[in-house]
Amino acid sequence: VQPAVGEGYAVAALSDARNPLKAVQRLRQNPDSTEFVYLKPFRVDEITPLNPYHLEIVPHAEIDEANFYTLSSFGVTHFVNGKPEFTELEQWKREHYLFNAIIKIPVFKKYRVWKSFKVWRDSVRYGKMRKCAKLLNKNLFWMNPTFQQALLTIRKMCMDMRRTRLHSFREGTLYTLEEFFHAQQVQRDGVLSQLEEFWAQSIECARGACIETLESLEEGLFGSKAGDTTAQYTSGGGGDKKDSPRAENFRYTVMASKRVVQRRLYYFLRLCDYVIFNTLHCMVVESVADLLSYIKMTPKEKEPEKDAKAPTSTAIFLTEVMLIMGELAFVPAGSDFENELESIVGGFVDTISGNVRLLNHEDLEQYTELYDAETEASEASAVADIITNDDEYQQLVAELKAAIENAFHTCDSYLATFEPFRDMVSANQQLDEDELRDKAELGEVVLDDFKDKLEEYNGQVENVGKILDVRDCGIMQVDSRRLKNLIAPSPQACLEKIQVLLPQLAATKQRKVLDEVNAANNRLNAKPETVSQFVAILEFIAECNERKEEIDEAFVGLQQHYAVMDAHDVQVASIDRAAYQMLVPEYSQMKNMLDLLDSTKDEDMAKWAGKLEEDIKGFHLEVESLKKLAEDPHLLEDQEFLDPMLQVTQELKEQATDLELRMKKNTEFQGIFGQQLERYPTLELAVSDINLKRGMWEARRDVTTITEQWKDVLVMDMPVKEWQEQCQTWWKVATRAERELPRNDVVPKLKQMAAVWKDLVPACGDLKNPALQDRHWEKLESVVGFKFDRDPETAEEPFTLGSLLKKNIMEFREDIQRISTEATQEDIQRIS
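Q: Looking at this structure, I do not really get the sheet that holds strand E6 (residues 317-324). What am I missing?
A: Pairing between the strands of a sheet comes from backbone hydrogen bonds, and it takes one of two forms, parallel or antiparallel. With mixed pairing, the four strands of this open sheet are ordered in space as E7-E6-E9-E8. For this open sheet the edge positions go to strand E7 (327-331) and strand E8 (470-473), each flanked by a neighbour on one side alone. For this sheet, the mean angle separating the axes of adjacent strands, direction not counted, is 30°. Where E6 meets E7, five bridges bridge the pair, whose relative direction is antiparallel. When the bridges of E7 are listed, Leu-323 appears paired with Leu-328.

Listed below in structure tokens is the structure:
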């Protein structure tokens, strides 16, 4: 690249002796000098354009007489063919500066290069265009009338076919997944029939173009006699070509020409395939894009209907929300929609992939059979592979799935609003009527809890009723009617349980309150005939006054119970309702009677206090009578048969017990009336006498009957402690009777029998001592004077209490006790 031409370059390229600028500086120092120098244009090279201000100082001999310059202190003179043109020195320097500045501007600096390049480029382009035009005129199918007509026809059919949509979509129609899939299958069947017709017309059009082209070839080769040869192609390509004399003579020339033509037909058919494949490709992509546009269309994009009374639904697909295994889910779910749409879009590809390419069609193979297509690079990719590998198609399918996912994201937000109803159903299933009744009876569940439950379940019924049957969530319409029908019985069933239970609980409360009120009215209205009855009424009045708050609370609770049932329209049995209506006046009557009796209490107590004094006088007479019966001497006579005496003493004891109870009541009544308490010493003596005589005869009976049972018990098996306590009881009764009762025949006999067993049982107990060894038994035998047969297998007589009683073992009690104690002490020493 040459440097820019200018003053700086001239200074750098010329020496000081040849540089005109140096000469100008020298001349300006002597303005009056007449010195001048000759100048000529300085050319850097043959490429760089000549600069009129780029001069060099030369001798006179080197100047060109037709074109040279002179430089003096006055200016520059330019001689052209002997004609001078003078320019003052300052003017020339200014023009020199301006010219060199202008040629540095790109438009002036590159003008010559641009002009040369443009001329060259236009020349090359024109040459290539001429060459390409000749090639196109020779090879372009569009320039051939036969191929042009066929291509136009196929192109028109393709454009008509391209407007066909592979999907069926009616705007404003709500589809279930099954209905949408069925609609696409019906549309596919229709498109398949259209494609069959389209392919048939395309094949026929291509076949006509091939026949016409071959006819033109035959006519060019053979003239007007080409009809026979053409007929071969029209009938399927069969026939013996050697039958034509002209074909025999020009065999090689004809075959070569036909190969060239069939090669052209091959490319023509391939072009038709490209056009058709492109159309099918566009059909699939545009159908998917069209389907996507419907699915992604928002309500704002849809034009609102004028004069619409109700909002138009924007939903396309219908799904249901269901409760499955306790979990909320959509039926069909988002994955089902994605799979079906993927299947439908895949069906688009299958629909347009069912036909054979024109190049491979059996009706057109005869027109390309002489051309070896194997020499060409294979471009026979299936249209399905072309479509499925297309980025736009893949992007559309991905967006279609994303649109369904986004639609179900909105549905999921709506689905979350049903979670409280799911929890409601789960919680309501835990309601147990029997358990609730038990808790209510125990007081763990009160009326307020039932009121809250009624409000809760009524609210649930109301909330379930507010659930929309259908709701649009973008392109999805969610149908919740089946879910609504599924969950609606849950709160209604709970409400029915409460509505059944509340009247039952009310009836229970009502019976309790009614029974208590009726009983109170009966007792309060009854006229007392005895002091005891009057005191009972006083006590009942006091009890009622103490329980006043409790009774009032029960009655008010019952009223509140009925108020709750009435507020919530709970059905109550007519008999229970009538009983409740009767209870209100009964309760008022009870309250009035209590107030009346409280007001007359003092008068009534004074009246019945006198009656009590009369009763006490009669009571003393009864005590004297009982005392005389208890002092009957027959009670102290020994009898062979004890039952009559036991019966008499039992009757006396019962009479005494009754009098004691009456005595306590009289004392209690006197305390209530505020009287001085009466004492009953006679009764106390009589009761003590009767109890002692009764105990004596019972001991007399027991010591006879019980000891007979003891005699058969083995010594080693006897319960010593228990029997000793029983014997001590008999002994105490006998001792007391001997001390307190008059002399009689019963006590000595009882005391004798008790003494025998009192000594016998402890002595036998000492024989049970496990510390007794053989030497101790020998001592015992030496003391009692007989041998103890302790072994039940070898003993002649069992070692029982009865056997020892016969041998008077109790007489040796102290010796037996001493030996047993020694054995115990020895055993303790041995162990320690």
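Q: Could you clarify how one ought to interpret the nonpolar core in this entry?
A: Membership of the largest hydrophobic core comes to 85 residues, with the highest contact counts inside it found for Phe-268, Val-284, Ile-295, Phe-317 and Tyr-393. Here this core takes 16 residues from helix H10 (residues 251-296), the largest share from any one element. Those residues within four positions of Val-284 in sequence are excluded, and the remaining contacts are Leu-166, Phe-348, Val-349, Ile-352, Ile-387 and Tyr-393. Counting residues in each nonpolar core, the second largest holds 70 residues, with Trp-608, Leu-612, Phe-673 and Ile-819 among its members.

Q: What is the right way to read the layout of surface pockets from this model?
A: Gaps left between atoms are located by rolling a probe of water-molecule size over the structure's atoms. The calculated volume of the second largest pocket comes to roughly 590 Å³. Lining the second largest pocket are 22 residues; nearest its centre among them are Ala-440, Lys-509, Lys-512, Ala-554 and Gly-557. For the lining of the second largest pocket, the secondary-structure elements that each account for two or more residues are helix H15 (433-442), helix H16 (447-466), helix H18 (489-525) and helix H20 (548-567). Considering each element in turn, the lining of the second largest pocket owes the most residues, seven residues, to H20.

Q: Explain the pairing of strand E5 (residues 83-88) here, please?
A: Two faces belong to every sheet, and in a regular strand the side chains alternate between them. Pairing of strand E4 (residues 75-80) with E5, which is carried by six bridges, proceeds in the antiparallel orientation. Note that in E5 the partner of Thr-77 across the bridge is Phe-86. Between E4 and E5, which pair antiparallel one after the other, the connecting turn spans two residues, and Asn-81 there sits at a positive phi close to 55°.

Q: Explanation requested: the packing of H18 against helix H21 (residues 574-599) in the structure shown.
A: Axis angle and axis distance: for two packed helices, these are the angle between their axes and the distance between the axes, and together they describe the pair. Interhelical geometry of H18 versus H21 gives an angle of 35° and a closest axis separation of 9 Å. H18 and H21 meet at a crossing whose hand is left-handed. Within the contact between the two elements, H18 uses Ala-507, Gln-510, Val-513, Leu-514, Val-517, Asn-518, Ala-520, Asn-521, Leu-524 and Asn-525 and H21 uses Asp-576, Ala-579, Tyr-580, Leu-583, Glu-586, Tyr-587, Gln-589, Met-590, Met-593, Leu-594 and Leu-597. Of the residues in the contact of H18 with H21, the class split is 14 nonpolar, five polar and two charged.

Q: Mind showing me how you'd approach the packing of aromatic side chains here?
A: Each aromatic ring pair is summarised here by two numbers: the centre-to-centre distance and the angle between the ring planes. The final tally for this structure, using the stated rule, is 24 aromatic pairs. Ring centres of Tyr-53 and Phe-99 lie 5.4 Å apart, and the angle between their planes is 45°; on these two criteria the pair is classed as tilted. Highlighted residues: Tyr-53 in the loop between strand E1 (36-41) and strand E2 (55-58) and Phe-99 in helix H3 (residues 89-102), separated in sequence by 46 residues. In this structure Tyr-53 comes out as buried when scored by relative accessible area, which is 17%. Using a relative accessible area of 26% as the deciding quantity, one classes Phe-99 as partly exposed. Between Phe-117 and Trp-120 the ring centres are 5.7 Å apart and the planes differ by 35°, which places this aromatic pair in the tilted class. One end of the pair, Phe-117, and the other, Trp-120, are both in helix H5 (residues 111-139), three residues apart, so they sit about a helical turn from each other. Take Phe-117: its relative accessible area is 44%, and that puts it in the partly exposed class. Taking relative accessible area as the criterion, Trp-120 reaches 52% and is therefore assigned exposed. An aromatic cluster is built from Phe-169, Tyr-175, Phe-180, Tyr-294, Phe-317, Phe-330, Phe-337 and Phe-408, whose rings are joined through pairwise contacts. Stacked on the ring of Trp-731, the Lys or Arg Lys-758 has its end atom at 4.9 Å from the ring centre.

Q: Would you mind going over the sheet that holds E5 with me for this structure?
A: Spatial ordering of the open sheet is given by E2-E1-E3-E4-E5, a layout of five strands whose pairing is antiparallel. With partners counted over all chains shown, the strands left at the sheet margins are E2 and E5, one partner each. Averaged over all pairs of adjacent strands, the angle between strand axes in this sheet comes to 30°, irrespective of strand direction. Pairing of E1 with strand E3 (residues 67-72), which is carried by four bridges, proceeds in the antiparallel orientation. Looking across to E3, one finds that Val-37 is bridged to Leu-71. This element, H3, spans E2, E3, E4 and E5 of the sheet and lies at about 85° to E5.

Here is what the cut-offs are and how they apply
- Residues numbered from 1 in each chain as written.
- Predicted model: local features only at pLDDT ≥ 70, side-chain atom pairs only at ≥ 80, totals over all residues.
- Heavy atoms only, no water.
- Pairing = 2+ DSSP bridges.
- Helix = DSSP H or I, 4+ residues; strand = E, 2+ residues; numbered from the N terminus.
- Axes fitted to C-alpha atoms, helices over the stretch in contact; angles between N-to-C directions.
- Core = buried A, V, L, I, M, F, W, Y, C linked by side-chain atoms within 4.5 Å.
- Buried < 20%, exposed > 50% of the residue type's maximum accessible area, 1.4 Å probe, protein only.
- Contact = heavy atoms within 4.5 Å.
- 1 Å grid on protein atoms, 1.4 Å probe; cavity = no way out; pocket = protein on both sides within 12 Å on 5 of 7 lines; lining within 4 Å.
- Points joined across faces, edges and corners; volume = space filled by probe spheres on them.
- Left-handed = near helix turned anticlockwise from the far one by under 90°.
- Nonpolar A, V, L, I, M, F, W, Y, C, P; charged D, E, K, R; others polar.
- Phe/Tyr/Trp six-rings, centres within 6.5 Å; stacked < 30°, edge-to-face > 60°.
- Lys NZ or Arg CZ within 6 Å of the ring centre and 35° of its normal.

By themselves, these figures tell us nothing about what the structure is for.
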